[in-house]
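What follows is each chain in one-letter form.
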Amino acid sequence: SITEETVELLEPYLDMEDYNLETAKKVCGNVAGLCSWTQAMAYFYGINKEVLPLKANLALQEGRLAAARMELNSAQIQLDEKQMELDEVQAMYDAAMKEKQALLDDAEACRRKMNNATALIEGLGGEKLRWTASSKNFQNQIINLVGNVLLATGFLSYSGPFNQEYRNLLLQLWKKEMDNSKIPYSKNLNLTVMLVDNATVGEWNLQGLPNDDLSIQNGIIVTKASRYPLLIDPQGQGKIWIKNKEKNNGLQVTAMNHKFFRSHI
C-alpha cells in the first residue's frame, strides 16, 4: 500500500541527520523502532520498485519459457515421429539399393554369360560343317560296320601265313564276294587303323618291331588273333619284339633241344 507520494513526503525526514535509530532512542525509546521501520519501508519501496518489473518480466519470461518448452516438446515429438519415418524410409531405401545392386550384379553376370554364349555359338558355328560331315561319316560307319568287322575277322583268321601281296589279294577277293552278296563295307577301309591305334604301334616300335606295314599287320595278328601264333622269323626281329613286349609278364624262353623241353616229347 506504500505509494511513491508517501515516500516523497518522507524524504525530508529521512534526509535529516538526527532521523535515525540512535537519536530516536535518546529522545523516546518507544518510537525509535517506528523510525527504523519507516526507513526500512522507504528502502523496501525503492528496492521493490525495481524488483516488481523484474518479477513481472520474470513471470512473463517464465510463461514464454513454458510455452517455448511446450512447443519444443511438441516439436521433439514431431521430430521423433519424423525420425522414425526417416528410419523406415532409410531402411526401405537401403533394401531397395541392395536389391538394385543384386539386380545389377545378376544383370552383369547374365551379360557375361550372354557374351560367352555368343562367342561360343559363333566359335561353334564354324564347326557345323565338320559336325555334319562327321555325323554323315558316323552313319556310314554304322551301315558299313558289319562288312568291316567281317573283313577284319577274315584278315585275323586267314591272312597270317601269307605275304603282303597275297593278303591284299585276299582282301580284294573277299570284297568282291561281299559286293555280290550286297554286304556293305567301307571302300577306303584301312585294317591297320581299324585294329590298332598309333600309340600302340609306337610302343611296338620301341620294343623292336619294324615300322613297315607287313610287320605292323603281323603284330596285329599276334596280339588280336584267338589262336597261338607261329612266327617264321629268319632275321630274329619277331623274337626280339616278343621278348621285349612280354618281359614284364614273366616270359619264359626255351628251345627244341633244351633238356627240359625234350623230356616232355
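Remember, it's a predicted structure, so these values are computed and weren't measured experimentally. (Residues numbered from 1 in each chain as written. Predicted model: local features only at pLDDT ≥ 70, side-chain atom pairs only at ≥ 80, totals over all residues. Heavy atoms only, no water.)

1. Considering the pattern of salt bridges
Argument step 1. For the coordinates displayed, the defined rule picks out five salt bridges.
Argument step 2. Close ionic contact of Lys-49 with Glu-4 constitutes a salt bridge, the shortest N to O distance being 3.8 Å. With Lys-49 in helix H3 (residues 29–125) and Glu-4 in helix H1 (residues 4–14), this pair connects stretches of sequence that are 45 residues apart.
Argument step 3. Glu-85 serves as the salt-bridge partner of Lys-82, at 3.9 Å between the closest nitrogen and oxygen. Taken as a pair, Lys-82 and Glu-85 lie in helix H3 at a separation of three residues, close to a single helical turn.
Argument step 4. Take Lys-82: its relative accessible area is 52%, and that puts it in the exposed class. (Salt bridge = Lys/Arg side-chain N within 4 Å of Asp/Glu carboxyl O. Helix = DSSP H or I, 4+ residues; strand = E, 2+ residues; numbered from the N terminus. Buried < 20%, exposed > 50% of the residue type's maximum accessible area, 1.4 Å probe, protein only.)

2. Some words on the domain arrangement of the protein
Argument step 1. The domains assigned to the protein are domain 1 (4–79) and domain 2 (143–263).
Argument step 2. Here the C-alpha centre of domain 2 lies 140 Å away from the C-alpha centre of domain 1. (Domains from an automatic or database assignment.)

3. A short note on a nonpolar patch on the surface
Argument step 1. Among the surface-exposed residues, Phe-162, Tyr-166, Leu-169 and Leu-173 lie close enough to one another that they form a single nonpolar patch of about 350 Å² accessible area.
Argument step 2. Its location among the elements puts Phe-162 in the loop between helix H4 (128–158) and helix H5 (164–180).
Argument step 3. The class for Phe-162 is partly exposed, based on a relative accessible area of 34%. (Patch = residues over 30% accessible without salt bridge, like charges linked within 9 Å, V, L, I, M, F, W, Y side chains within 5 Å. Areas by Shrake-Rupley, 256 points an atom, 1.4 Å probe, with all protein chains shown as cover.)

4. Some details on the confidence of the model for the protein
Argument step 1. Model confidence for the protein is summarised by a mean pLDDT of 86, while 98% of its residues fall at 70 or above.
Argument step 2. Least confident of the elements in the protein is helix H10 (residues 259–262), whose mean pLDDT is 68; most confident is helix H7 (residues 198–206), at 93. (pLDDT = per-residue confidence, 0-100.)

5. Re the layout of surface pockets
Argument step 1. Roughly 850 Å³ of internal volume is contained in the largest pocket.
Argument step 2. Around the largest pocket, the lining is made up of 29 residues, and of these Gly-160, Asn-218, Leu-230, Leu-231 and Ile-232 lie nearest the centre.
Argument step 3. Sort the elements by how many residues they give to the lining of the largest pocket and helix H8 (residues 213–224) lands first, with six residues.
Argument step 4. A per-class count over the lining of the largest pocket returns 16 nonpolar, nine polar and four charged.
Argument step 5. When residues of the lining of the second largest pocket are assigned to their parent elements, the largest contribution, four residues, is made by helix H9 (residues 237–245). (1 Å grid on protein atoms, 1.4 Å probe; cavity = no way out; pocket = protein on both sides within 12 Å on 5 of 7 lines; lining within 4 Å. Points joined across faces, edges and corners; volume = space filled by probe spheres on them. Nonpolar A, V, L, I, M, F, W, Y, C, P; charged D, E, K, R; others polar.)

6. Section: the packing of aromatic side chains
Argument step 1. Applying the stated criterion across every chain yields a total of two aromatic pairs.
Argument step 2. Ring centres of Phe-162 and Tyr-166 lie 4.5 Å apart, and the angle between their planes is 50°; on these two criteria the pair is classed as tilted.
Argument step 3. Here Trp-204 and Trp-241 contribute two aromatic rings whose centre-to-centre distance is 5.6 Å and whose plane-to-plane angle is 75°, an arrangement assigned as edge-to-face. One end of the pair, Trp-204, is in helix H7; the other, Trp-241, is in helix H9, and 37 residues separate them in sequence. The same class applies to Trp-204 as to Trp-241, namely buried. (Phe/Tyr/Trp six-rings, centres within 6.5 Å; stacked < 30°, edge-to-face > 60°.)

7. Remarks on the UniProt feature "coiled-coil region" (unreviewed entry) in the protein
Argument step 1. In this numbering, the UniProt entry assigns the feature "coiled-coil region" (unreviewed entry) to residues 58–113.
Argument step 2. The distance separating the terminal C-alpha atoms of residues 58–113 is 78 Å; by composition the span is 100% helix and 0% strand. (UniProt positions renumbered as here; feature names shortened; annotations may be inferred.)

8. Comments concerning the nonpolar core
Argument step 1. Phe-155, Leu-156, Leu-191, Leu-195, Trp-204 and Ile-220 are the most contacted members of the largest nonpolar core, which has 17 residues in total.
Argument step 2. Secondary structure elements with two or more residues in this core: H4, H5, helix H6 (191–195), H7 and H8.
Argument step 3. For this core, the element with the most residues is H4, which contributes four residues.
Argument step 4. With residues near it in sequence (within four places) discarded, Leu-195 still touches Ala-152, Phe-155, Leu-156, Ile-220 and Lys-224. (Core = buried A, V, L, I, M, F, W, Y, C linked by side-chain atoms within 4.5 Å. Contact = heavy atoms within 4.5 Å.)

9. Observations regarding a negative patch on the surface
Argument step 1. Where like charges cluster on the molecular surface, the negative patch consists of Glu-5, Glu-8, Glu-11 and Asp-15.
Argument step 2. Secondary-structure assignment places Asp-15 in the loop between H1 and helix H2 (21–27). (Lys, Arg positive; Asp, Glu negative; His and termini not counted. Charge placed at Lys NZ, Arg CZ, Asp CG, Glu CD.)

10. Looking at H3
Argument step 1. Helix length check: H3 (97 residues) gives 134 Å between terminal C-alpha atoms against 144 Å at 1.5 Å per residue, within 8%.
Argument step 2. Its maximal kink placed at Asn-48, H3 deviates by approximately 30°.
Argument step 3. Looking at the packing, one finds that the buried side of H3 touches H1 and H2. (Expected span 1.5 Å × (residues − 1). Bend = angle between axes of the 7 residues up to and from the residue.)

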